[in-house]
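Spelled out, the chains give:
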Amino acid sequence: MLFSEKHRDILVRPADYSKVDAALAKVPADFSIYTEETVKAVNDATAAVVRNLKETEQATVDGYAAAIENAVAKLELRKADYTKVDEAIQKAEKLNAKDYKNFDAVTKAVNAVVRDLDITKQAQVDAYAKAIEDAIAQLEKKTVTENISKPTAPQTGDVASPFTWMTLCDDRRRLCCDNEKKKSIEKKVYLLIVEMFE
């Protein structure tokens, strides 16, 4: 029997792990920004690698590499934390918009919030919260007179201004006075005429 046949297991070359090593190099060093479920999948794939397999098991080794590559590709970013945004919005909702002159600024800041951003946009999400808080801090309360609605002129269907009506009333008042004087003078003249003919 030839030596090569007798010691076949010893002479078989080791499997090629270059693809496995390349896949492992793509695994992120920081898992903190990814969801726990997808991070677990990567850790499971890397932990499954068995070293020192023989060339005859190359398919298994290549399977390790493929599993790692697939798990890394499916890593999912965590959602940004909207806690501060929600707190700011709740604070705004407790206020009565009618009590302030510039509440539109608060409404605008709240409406500007974009939901479901991932953790890489955390700074943007925090900026939403700050914008709402700043708008609330800059609110100006209305004065008492601004809160009281002003009386409106009665609707008569006439388009004349209040000034026109005041002028007409004043003219009528003067006319009435002139008529009384006229009547008094006419009465005196009548009495004089009567005396002349007696």
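None of the values given here were measured: they were computed from a predicted structure. (Residues numbered from 1 in each chain as written. Predicted model: local features only at pLDDT ≥ 70, side-chain atom pairs only at ≥ 80, totals over all residues. Heavy atoms only, no water.)

**Considerations on helix H5 (residues 58-73)**
It helps to recall that an α-helix has 3.6 residues per turn; residues three or four apart then point in one direction. Our working definition: Going along the chain from the N terminus, every DSSP run of H or I of four or more residues is numbered as a helix, and every run of E of two or more is numbered as a strand. Take the residue count of a helix, subtract one, and multiply by 1.5 Å to get its expected span. Each residue gets one of three labels from its accessible area relative to the maximum for its type: buried under 20%, exposed over 50%, partly exposed in between, using a 1.4 Å probe on protein chains only. The directions from the helix axis to the C-beta atoms form the arc being described. Pairs of residues are marked as contacts when any of their non-hydrogen atoms sit within 4.5 Å.
Between its first and last C-alpha, H5 extends 23 Å over 16 residues, near the 22 Å set by a 1.5 Å rise per residue. Among the residues making up H5, those that are buried are Gln-58, Val-61, Tyr-64, Ala-65, Ile-68, Ala-71 and Val-72. Axial view of H5: buried residues confined to an arc of 160 degrees, hence all on one face. Turned more than 90 degrees from where H5 packs its buried face, Ala-59 and Ala-73 sit exposed. Each element contacted by the buried residues of H5 is listed here: helix H3 (18-25) and helix H4 (36-47).

**A closer look at the packing of helix H6 (residues 83-93) against helix H8 (residues 122-137)**
Quick reminder of the rule: Simply put, an axis is a line fit to the C-alpha atoms, just over the touching stretch for a helix, and the angle between two N-to-C directions goes from 0 to 180 degrees. Just so you know how the angles are binned, under 35 degrees is roughly parallel, over 145 roughly antiparallel, 65 to 115 roughly perpendicular, and the rest oblique. Helix crossings get a hand from a simple test, with the near helix turned counterclockwise from the far one by less than a right angle marking a left-handed crossing and a clockwise turn marking a right-handed one. Residues were grouped as follows: Ala, Val, Leu, Ile, Met, Phe, Trp, Tyr, Cys and Pro as nonpolar; Asp, Glu, Lys and Arg as charged; and all remaining residues, including Gly, as polar.
Where H6 contacts H8, the axes come no closer than 8 Å and their chain directions differ by 20 degrees. By the angle between their directions, the pair H6 and H8 is classed as roughly parallel. The interaxial crossing formed by H6 with H8 has left-handed handedness. From H6, Lys-84, Val-85, Ala-88, Ile-89, Lys-91 and Ala-92 reach across to H8, where they touch Val-125, Asp-126, Tyr-128, Ala-129, Ile-132, Glu-133 and Ile-136. In terms of residue class, the contact of H6 with H8 is made up of nine nonpolar, no polar and four charged.

**Quick notes on the side chain of Thr-35**
Mapped onto the fold, Thr-35 is located in the loop between H3 and H4. Exposure remark for Thr-35: the relative accessible area of 19% places this residue in the buried category.

**Considerations on the nonpolar core**
As a reminder of what qualifies: What is meant by a nonpolar core is a set of buried Ala, Val, Leu, Ile, Met, Phe, Trp, Tyr and Cys residues, joined one to another through side-chain atoms within 4.5 Å.
Within the largest apolar cluster, 19 residues are counted, with the highest numbers of intra-cluster contacts made by Tyr-82, Val-85, Val-106 and Ile-132. Listing elements by their share of this core, those giving two or more residues are H6, helix H7 (104-111) and H8. The element that contributes the greatest number of residues to this core is H8, accounting for six residues. Once you skip the residues sitting within four places of it in the chain, Val-85 turns out to touch Val-113, Arg-115, Val-125, Tyr-128 and Ala-129.

**A word on the pattern of salt bridges**
For clarity, the threshold we go by: A carboxyl oxygen of Asp or Glu within 4 Å of a side-chain nitrogen of Lys or Arg is what we treat as a salt bridge.
Taken as a whole and assessed by the stated rule, the structure comprises seven salt bridges. In this structure, Glu-69 and Lys-26 form a salt bridge, with 3.1 Å as the shortest nitrogen-oxygen distance. Residue Glu-69 is located in helix H5, and its partner Lys-26 is located in the loop between H3 and H4; the two are separated by 43 residues in the primary sequence. In this structure, the salt-bridge partner of Asp-44 is Lys-40, at a minimum N-O distance of 2.9 Å. Residue Asp-44 and its partner Lys-40 are located together in helix H4, separated by four residues, close to a single helical turn. The partly exposed category is assigned to Asp-44, whose relative accessible area is 41%.

**Points about unusual backbone geometry**
The backbone of Asn-52 shows a phi angle near 65 degrees, a positive value even though the residue is not glycine. Position of Asn-52 among the secondary structure elements: in the loop between H4 and H5. Judged by relative accessible area, Asn-52 falls into the exposed class, the value being 70%. Despite not being glycine, Asp-116 shows a phi value in the positive range, around 65 degrees. Its place among the elements puts Asp-116 in the loop between H7 and H8.

**Some thoughts on the packing of H7 against H8**
Two quantities define a packed helix pair, namely the angle between the axes and the distance from one axis to the other. For the pair H7 and H8, the least separation of the axes is 8 Å and the interaxial angle reads 175 degrees. Judged by the inter-axis angle, H7 sits roughly antiparallel to H8. Between H7 and H8, the contacting residues are Ala-105, Val-106, Ala-109 and Val-110 on the first element and Ala-131, Ile-132, Ala-135 and Ile-136 on the second. For the contact of H7 with H8, the class distribution of residues is eight nonpolar, no polar and no charged.

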